[in-house]
Amino acid sequence: MRDILVLGAGVVGMATAYALLRQGFSVTVIDAAAGPAEAGASFGNGAQLSYFYTDAMASPSLVTNLPKYMLGLDPAFRIRPALSPAFIAWGLKFLLNSTQNAFERNTLDILKVALESRPAMREIAKQINFDYSKTGKITLYPDERSLNKAKALADLKNQFGAQQTILLRDHALEKEPALKEYGHDFFGAVWSPYDEAGDSRLFCIKLQELLERDHGVKFRFDSRVRRLLTRSGALVGVETDRDRIECSRAVVALGASATAIARTAGIRLPIWPVQGYSFTVPALATAPIASITDTARKTVFCRIGDRLRVAGLADIGELESGFREERFNCLLETAKGIFPRAGNYGGDVNAWTGFRPVTPDSKPIVGKTKVQGIYLNCGHGSLGWTLSMATANRLADSIQCDC
Ligand SMILES: Cc1cc2nc3c(=O)[nH]c(=O)nc-3n(C[C@H](O)[C@H](O)[C@H](O)COP(=O)(O)OP(=O)(O)OC[C@H]3O[C@@H](n4cnc5c(N)ncnc54)[C@H](O)[C@@H]3O)c2cc1C
């Protein structure tokens, strides 16, 4: 029998379950929460399927701005170094990935994965409804210098399959009239016509319904994985807070929690949680139709059906788990300044915080491990939903070859 456990029911775990099922595996998904995408980063992310905006997080400009980020002078990006060996090791690798060469190489590698995801996501969108839209994405730049840098990167990505074009301010206004409502000045934009959007939590909920109802995939919610059980270098089971499950194959798709669980089997993962925030309000008629990324304020706006999702902030370093009112208010006030009339900011704003599982090179970790039967699909960083279908397919193919 080709049984396999998928640990984690966020976007990555759900996509993995789908891909394994198609390879003929008998799949059981386990999650600590009461339902899919309930407790992790997949609940309230920026809602973007950002196939062309695949820029790695570690970059030369991040290094230039490091003092500002460490002194807390940029409202959107904070770095508070943690004094743990794990953070120091991760941080050093992150810095090594911040050269121009490494940044370009990583961005192109991520682009390749994203381009693989696009047709797979389109195929699944024919089967389930998750407020999926194909409205493209506009990334705004404040001045000529930043736009020129973005153009150079877009030119490079376009050689490898992206289709981004540069819009000067007036053209951007023609493309997206809601930019007339923009509360600041911008010089130009990058237009990514084939970037898409949707609700990643709804994606997981609908995928669960499909997998359970039509394909017999089993789901065990409210089951927190405590340990991976191994003997003689091979997986023999998984211990949860409820029971022990015997198994010889499992995929760790636990987002920011993957590191702790993989460590129970002696597997070390270079993933650090980077905290972000979002909120969701009713969209007003003057809200942009295309997704908008304001690079100067590192904030994204995205329509999901009749709602507007706003996401941003990146807090790296000391783990201050939980929601911090002061950081959330920073996002809310920034959003009101950017698009004062895009959403109904006065009512319930559905505030949320989550952790991006970030690797030093921003690339997901996909494949087998030194322990027979333990596979990884984690570390998807800022683009987990965008990359999920491709990494799931890649992993399922490699597990198939192993069997
Ligand atoms: C503010 C913000 C904005 C973002 N915007 C975008 C975007 O626009 N587009 C995009 O593609 N990506 C975006 N991302 C990134 C994306 O959300 C993540 O990369 C992605 O959700 C990671 O998915 P995952 O399934 O690996 O992890 P998660 O979604 O975190 O899922 C992990 C699952 O594991 C479960 N779990 C954890 N520990 C245990 C345990 N011990 N036992 C059992 N279960 C456990 C959790 O309950 C959870 O369901 C954003 C992230 C943030 C924070």
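Above this text you will find the structure in question.
From a predicted model like this one, the values you see are computed outputs, not experimental measurements.

**Student:** An account of the overall build of the protein is requested, with residue identities and associated values reported.
**Tutor:** What the protein contains, in helices and strands, is 11 helices and 20 strands. Here the C-alpha radius of gyration of the protein, 21 Å, is about what a compact globule of 403 residues would show, namely 22 Å. Reported as C-alpha extents along the three principal axes, the dimensions of the protein are approximately 60 × 45 × 45 Å. Burial analysis of the protein (403 residues in total) assigns 57% to the buried set. For the protein, the proportion of contacts with a sequence separation of at least 24, taken over those separated by at least 6, is 77%. Surface accessibility of the protein: about 17,000 Å² in total, with carbon and sulfur atoms responsible for 52%. When the 48 positive and 41 negative side-chain charges of the protein are each reduced to one mean point, those points stand 4 Å apart.

**Student:** I'd like a rundown of the packing of helix 1 (residues 11-22) against helix 8 (residues 200-215), residues and numbers included.
**Tutor:** Viewed as axis vectors pointing N to C, helix 1 and helix 8 meet at an angle of 30°, and their least axial separation amounts to 9 Å. Put simply, helix 1 runs roughly parallel to helix 8. When the axes of helix 1 and helix 8 are compared, the crossing they make is left-handed. Across from Val11, Met14, Ala15, Ala17, Tyr18 and Leu21 in helix 1, the residues of helix 8 making contact are Ser200, Phe203, Cys204, Leu207, Gln208, Leu211 and His215. Class assignment of the residues belonging to the contact of helix 1 with helix 8 gives a composition of 10 nonpolar, 3 polar and no charged.

**Student:** Please set out the site of the ligand residue by residue, giving values where relevant.
**Tutor:** Around the ligand, 33 residues are found, and the nearest of them are Asp31, Ser42, Gln48, Val225 and Gly381. Asp31 places a polar side-chain atom, nitrogen or oxygen, 2.6 Å from an oxygen atom of the ligand. Take Thr386: an N or O atom from its side chain is 2.8 Å from an oxygen atom of the ligand. Considering the ligand on its own, with 1,000 Å² of exposed area, one finds that the protein chains cover 95% of that surface. Of all the elements in the fold, those that place two or more residues in the shell around the ligand are helix 1, strand 14 (272-282), strand 18 (352-358) and helix 11 (384-402). When grouped by side-chain class, the residues that make up the shell around the ligand number 13 nonpolar, 17 polar and 3 charged.

**Student:** A description of the sheet that holds strand 12 (residues 244-246) should follow, citing residues and the corresponding values.
**Tutor:** Here we have 3 strands laid out as an open sheet, ordered 10-11-12, and antiparallel in their pairing. Every other strand in the sheet has two partners, leaving strand 10 (225-231) and strand 12 as the edge strands with one partner each. The mean inter-strand angle of the sheet, taken between neighbouring strand axes irrespective of direction, is 25°. Relative to strand 11 (residues 234-240), strand 10 runs antiparallel, the two sharing 6 bridges. Bridge assignment links Arg231 to a residue of strand 11, and that residue is Ala234.

**Student:** Report on the packing of aromatic side chains, specifying residues and quantitative values.
**Tutor:** Per the counting criterion, the structure on display carries 19 aromatic pairs. Between the aromatic rings of Phe52 and Tyr194, the centroid separation amounts to 6.4 Å while the plane-to-plane angle is 90°, which identifies the pairing as edge-to-face. Linking Phe52 in the loop between strand 3 (48-49) and helix 2 (60-64) with Tyr194 in the loop between strand 7 (188-192) and strand 8 (196-197), this pair joins segments that are 142 residues apart in sequence. In this structure Phe52 comes out as buried when scored by relative accessible area, which is 0%. Here Tyr194 falls in the partly exposed class, since its relative accessible area comes to 36%. With a centroid separation of 6.1 Å and 70° between ring planes, the pair formed by Phe279 and Tyr345 is classed as edge-to-face. Here Tyr345 lies in the loop between helix 10 (325-338) and strand 18 and Phe279 lies in strand 14, a separation of 66 residues in the sequence. Note on Phe279: relative accessible area 0%, which makes it buried. Among the aromatic residues, ring-to-ring pairing joins Tyr277, Phe279, Phe323, Phe328 and Tyr345 into one connected group.

**Student:** So what's going on with helix 5 (residues 100-125)? Which residues, and what values?
**Tutor:** End to end, helix 5 covers 36 Å across 26 residues, agreeing with the expected 38 Å (1.5 Å per residue, within 8%). Helix geometry: helix 5 is bent most strongly at Arg118, by close to 25°, with proline Pro119 lying one to four residues after it.

**Student:** Now, about the environment of Val236: what can you tell me, with residues and values included?
**Tutor:** Along the polypeptide, Val236 turns up in strand 11. What makes Val236 partly exposed here is its relative accessible area of 28%. Remark: the alpha-carbon pair of Val236 and Gly44, spanning 192 residues in sequence, is separated by 34 Å. Residues contacting Val236, with those up to four places away along its chain left out, are Leu229, Thr230, Arg231, Ile245, Glu246 and Cys247.

**Student:** Requested: an account of the side chain of Arg118, with residues and values cited.
**Tutor:** Tracing the backbone through its elements, the reader meets Arg118 in helix 5. Despite its burial, Arg118 remains without a salt bridge, the nearest opposite charge being carried by Glu196 at 5.1 Å.

**Student:** An account of the side chain of Ser388 is needed here, citing residue identities and associated values.
**Tutor:** Turning to its location among the elements, Ser388 is positioned in helix 11. With relative accessibility at 0%, the residue Ser388 sits in the buried group. Polar contacts involving the side chain of Ser388 include one to the main-chain carbonyl oxygen of Trp385, which spans 2.8 Å. Contact partners of Ser388, with chain neighbours within four places excluded, come to Val11, Val12, Ala15, Ser117 and Met121.

Reading the values: rules and limits
- Residues numbered from 1 in each chain as written.
- Predicted model: local features only at pLDDT ≥ 70, side-chain atom pairs only at ≥ 80, totals over all residues.
- Heavy atoms only, no water.
- Helix = DSSP H or I, 4+ residues; strand = E, 2+ residues; numbered from the N terminus.
- Rg over C-alpha atoms; globule rule 2.2 N^0.38 Å.
- Buried < 20%, exposed > 50% of the residue type's maximum accessible area, 1.4 Å probe, protein only.
- Contact = heavy atoms within 4.5 Å.
- Areas by Shrake-Rupley, 256 points an atom, 1.4 Å probe, with all protein chains shown as cover.
- Lys, Arg positive; Asp, Glu negative; His and termini not counted.
- Charge placed at Lys NZ, Arg CZ, Asp CG, Glu CD.
- Axes fitted to C-alpha atoms, helices over the stretch in contact; angles between N-to-C directions.
- Parallel < 35°, antiparallel > 145°, perpendicular 65-115°, else oblique.
- Left-handed = near helix turned anticlockwise from the far one by under 90°.
- Nonpolar A, V, L, I, M, F, W, Y, C, P; charged D, E, K, R; others polar.
- Near = heavy atom within 4 Å.
- Polar contact = N/O pair within 3.5 Å; in protein donor to acceptor, adjacent residues only side chain to side chain.
- Pairing = 2+ DSSP bridges.
- Phe/Tyr/Trp six-rings, centres within 6.5 Å; stacked < 30°, edge-to-face > 60°.
- Expected span 1.5 Å × (residues − 1).
- Bend = angle between axes of the 7 residues up to and from the residue.
- Salt bridge = Lys/Arg side-chain N within 4 Å of Asp/Glu carboxyl O.

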